[in-house]
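Fold and contact review
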Protein chains: 2
Amino acid sequence: MDHQYGRLLLVGGTHGNERTAPWILQCRKAQPALLASPLPTTTCIGNPEAYGANRRYMDRDLNRCFTEALLRDRSCTIREVIRARELVDTYGPSGKDPHGLVLDMHTTTAAMGSSVVTVGERPADLALAALVHQAVGMPVYLFRINEDHPEECGFLVRRWPCGLVLEVGPVAQGIVDMRTVRKTVACLEGVLAVLGDCLTGKAKLPETMVVHRHLGSLDWPRDGNGRQIACLHPDRPRWDWTALCPGDPLFLMETGETVTYRGEEPVWPVFCNEASYEEKGIALALTRRDTMTPPADGLEVLLGLLRS
Amino acid sequence: MDHQYGRLLLVGGTHGNERTAPWILQCRKAQPALLASPLPTTTCIGNPEAYGANRRYMDRDLNRCFTEALLRDRSCTIREVIRARELVDTYGPSGKDPHGLVLDMHTTTAAMGSSVVTVGERPADLALAALVHQAVGMPVYLFRINEDHPEECGFLVRRWPCGLVLEVGPVAQGIVDMRTVRKTVACLEGVLAVLGDCLTGKAKLPETMVVHRHLGSLDWPRDGNGRQIACLHPDRPRWDWTALCPGDPLFLMETGETVTYRGEEPVWPVFCNEASYEEKGIALALTRRDTMTPPADGLEVLLGLLRS
């Protein structure tokens, strides 16, 4: 490797109908001064074929294709698995053009604002999320990988030693909306500034950070034919990141009846009304708001990756 | 016919990924007291197969399938053409279960609020639009049919003697968002109240009405490969229904360059950033704001349809 620092991979369009990040990468290519990065940075469209077709994916959600088993099975011809293998073989930590860090930029139709997602709780991811949370104020969602559910494994970021997902919403699929572009650029600038602080030795972990730990998800109430028969209850002014307490209105049924939340403790919903989760049977995800100490060893790993 | 009044057909889900109106029709079925109509009313999902698949359409946009030629060509097996024929044969004015009026309820990803669209300028449509505009205040968009472009003919409402399109936005495709549901219900209540006023003889056309006449549409600037290389300029706080004057910022190119509007007179954009118009090469539609006298003969036709 002929570079001084670890390298950063910026990915947009892992889902082909989320057009915001690809648009930002396109502008960055046309205007190289935009989004100056403190370390060598490569940009790419995660799923170019789906992006061309303006679809989330062609054969299978690319962001569920990065499992060891799928990557290893060279006989598998699912288009997204082939693409996942290509990305890992090219830009993965042991690839031809190795990168140590990845940022995977997404949008959602949920009114979540901007947030940082870690897939699992690897120390380096948590440390970077803590620094970003401290610098930019974005809420942090710790997604729990469930090996028993193929829908909940095989995420892109897990193939790199350190990687975060950026989520920005609400925005409809298939469009470039300038407000969402600006929110995403602001997040990205925040992450790049944090990485710069890491390189110059200025980064210092906060003593504590607030995180939202994934607990599970709820499907819509459905009838015998699988038809959705409720929507999110309109009596909550804001759904995402706001405590849902036992007894609170949850769903409004087609009959007009209110279904309340029956858990035993408050939960914090996220991804409420994400359009592409219909097929995954997810009306909303539930998290528990928690305070934790960011892992100091994670910062060591991160600094090591940045300086290697 | 065993009824006293003309009948109204309420259609939702003409585009299968616009979930708001189907949800309203579903609630109305579960709660018959909702949206009481002053005249015999039938509800239906325009494109049930696309609705089941959560796609705009399967083979062809249903709302471009109602041309005489397609309906007549019984050898044509495009799924949406078969469905169009079925709707006309069943509920059309000469069908088995004839209806004189139709309301076709849509949503858009454009931030247009609620509006009424007439396809063409038939007097009865204009009269009903004028009454709705007067009662509810929704802007009226007079879409011009261009027989030379198949993308601009074959609309559902044209197969009924009188029919309006309701458009509500912004909302992402594939979700039921309660704010959009409420806006749509409010429009629908307004239209039903107007029809009630017509039946009781209370309806009186306004002397003038403001309309937005379709002039044409603009595609995105594209590169040689057809790739979109500009987005709507962010320096306008509101795009839809707001005058765009010669010299105003129009597109922001990927290079950062601003492209201004070069027309010779002000225009009023609508359907700015409608996600499903990407494939039609429409970034936004342009209209001319105009004041007109609603046609008195249109009201006569409308009253005739309601009382027949």
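Note that the structure is predicted; figures quoted are calculated from it, not measured. (Residues numbered from 1 in each chain as written. Chains lettered and ligands numbered in written order. Predicted model: local features only at pLDDT ≥ 70, side-chain atom pairs only at ≥ 80, totals over all residues. Heavy atoms only, no water.)

Some points on the relation of the copies chain A and chain B
Note the cut-off: Our superposition of the copies is a least-squares fit, built on the C-alpha atoms of residues whose pLDDT is at least 70 in both. Note on contacts: a residue pair qualifies if any of its non-hydrogen atoms lie within 4.5 Å across the two residues.
Of the transformation superimposing chain A on chain B, the axial component is 0.0 Å and the angular component is 180°, with the fit at an RMSD of 0.0 Å. As the rotation angle and translation indicate, the two copies are arranged about a two-fold axis. Minimal C-alpha separation from the rotation axis in chain A is found for A172 of chain A, amounting to 2.1 Å. Comparing interface residues between copies, 100% of those in chain A also sit at the interface in chain B, which points to an isologous, same-surface contact.

Some details on the sheet that holds strand β10 (residues 258-260) of chain B
Strand pairing in a sheet relies on backbone hydrogen bonds. The paired strands run either parallel or antiparallel. Residue and element names in this part refer to chain B. Note the threshold: In this description, strands pair whenever DSSP reports at least two bridges between them. The numbering of helices and of strands both runs from the N terminus, where a helix is a DSSP run of H or I of at least 4 residues and a strand a run of E of at least 2. All axes here are fitted lines through C-alpha atoms, helices being fitted over the stretch that makes contact, and every angle between N-to-C directions spans 0 to 180 degrees.
Spatial ordering of the open sheet is given by β8-β9-β10, a layout of 3 strands whose pairing is antiparallel. Both outer strands of the open sheet, β8 (230-232) and β10, are each paired with one neighbouring strand and no more. Between one strand axis and the next, the sheet turns by 35° as a mean value, whatever way the strands run. Here β8 pairs with strand β9 (residues 249-253) via 3 bridges, running antiparallel. Among the inter-strand pairings, A230 is bridged to a residue of β9, identified as M253.

Overview of the interface of chain A and chain B
Condition: By definition, the buried area sums, over both parts, the 1.4 Å-probe accessible area that each loses when the two are put together. What qualifies as a polar contact is a pair of N or O atoms within 3.5 Å, subject to a donor-acceptor requirement within protein and to the restriction that residues adjacent in sequence count only when both atoms come from side chains. Lys, Arg, Asp and Glu make up the charged group, whereas Ala, Val, Leu, Ile, Met, Phe, Trp, Tyr, Cys and Pro make up the nonpolar group; the residues left over, Gly among them, are polar.
Each partner contributes to the interface: chain A provides 32 residues, whereas chain B provides 32 residues. In total, chain A and chain B occlude about 2400 Å² of area from one another, counting both sides; carbon and sulfur atoms represent 59% of this. Contact with chain B buries area across many residues of chain A, yet W23, Q26 and E254 of chain A alone supply 22% of it, more than any other trio. Summed over the shared surface of chain A and chain B, the number is 8 residue pairs in polar contact (both at pLDDT 80 or more). Elements represented by at least two residues in the side of chain A that touches chain B include exactly α1 (20-30), α6 (178-199), β8 (230-232) and β9 (249-253) of chain A. At 4 residues, the largest contribution of residues to the side of chain A that touches chain B is made by α1 of chain A. Its residues assigned to classes, the side of chain A that touches chain B comprises 15 nonpolar, 10 polar and 7 charged.

Brief notes about the sheet that holds β8 of chain A
All names here are of chain A. Spatially, the 3 strands line up as an open sheet ordered β8-β9-β10, and their pairing is antiparallel. Two strands in the sheet have a free side with no partner beyond their single neighbour: β8 and β10 (258-260). Pairwise comparison of adjacent strand axes, ignoring direction, gives a mean angle of 35° for this sheet.

Observations regarding the UniProt feature "binding site: substrate" (unreviewed entry) in chain A
Residue and element names in this part refer to chain A. To keep things clear, this is the line we draw: UniProt positions are given in the numbering used here, feature names are shortened, and annotations may be inferred rather than shown by experiment. For every residue, the accessible area obtained with a 1.4 Å probe (protein chains only) is divided by the maximum for its type, and the residue is called buried under 20%, exposed over 50%, and partly exposed between those limits.
In the numbering used here, UniProt assigns the "binding site: substrate" (unreviewed entry) feature to R56, N63, R64, E167 and Y277. Locating R64 in the fold gives a position in the loop between α2 (48-53) and α3 (68-72). A residue is classified by how much of its surface remains accessible, and R64, at 7% relative accessible area, is buried. Turning to its location among the elements, Y277 is positioned in the loop between β11 (268-270) and β12 (284-292). Under the relative-accessibility criterion, Y277 is labelled buried at 13%.

Remarks on the packing of aromatic side chains
Pairs of aromatic rings are described using the distance from one ring centre to the other and the angle between the two planes. Residues and elements named next belong to chain A. Condition: Aromatic rings from Phe, Tyr and Trp, with only the six-membered ring used for Trp, were paired whenever their centres fell within 6.5 Å, and each pair was classed as stacked if the ring planes differed by under 30 degrees, edge-to-face if by over 60, and tilted otherwise. Geometrically, a charge over a ring is one whose NZ (Lys) or CZ (Arg) sits within 6 Å of the ring centre while staying within 35 degrees of the ring normal.
Within the structure shown, the criterion is met by 10 aromatic pairs over all chains. Centroid distance W220 to F251: 5.8 Å. Interplanar angle 55°. Geometry classified as tilted. Of this pair, W220 sits in the loop between β7 (209-218) and β8 while F251 sits in strand β9, and the two are 31 residues apart along the sequence. By the burial criterion, W220 is buried, and F251 matches it. Chaining the aromatic ring pairs together yields one cluster made of Y141, F143, F155, F271 and Y277. Here the guanidinium or amino end of R236 rests over the ring plane of W239, the centre of that ring lying 4.5 Å away.

Concerning the environment of G216 of chain B
Residues and elements named next belong to chain B. Position of G216 among the secondary structure elements: in strand β7 (residues 209-218). Residues G216 and R288, spaced 72 residues apart in sequence, show a C-alpha to C-alpha distance of 9.9 Å. Those residues within four positions of G216 in sequence are excluded, and the remaining contacts are A285 and L286.

Structural notes on the domain arrangement of chain A
All names here are of chain A. For the record, the criterion: Boundary definitions for the domains trace back to an automatic or database domain assignment. Each salt bridge in this description consists of a side-chain nitrogen of Lys or Arg and a carboxyl oxygen of Asp or Glu lying within 4 Å of one another.
You can read the domains of chain A as domain 1 (8-208 + 293-306) and domain 2 (217-291). Distance between the C-alpha centres of domain 1 and domain 2: 27 Å. Both faces considered, domain 1 and domain 2 share a buried interface measuring about 1400 Å² in area, 54% of it formed by carbon and sulfur atoms. At the junction of domain 1 with domain 2, the criterion picks out 1 salt bridge. Notably, a salt bridge pairs D61 with K280, separated by 3.0 Å at the nearest N-O pair.

Section: the environment of T258 of chain A
Residues and elements named next belong to chain A. Position of T258 among the secondary structure elements: in strand β10. Each C-alpha atom of the pair T258 and A230 lies 9.1 Å from the other, and the pair is 28 residues apart in sequence. Apart from residues no more than four positions distant in its own chain, T258 is found in contact with H233, P249, F251 and L252.

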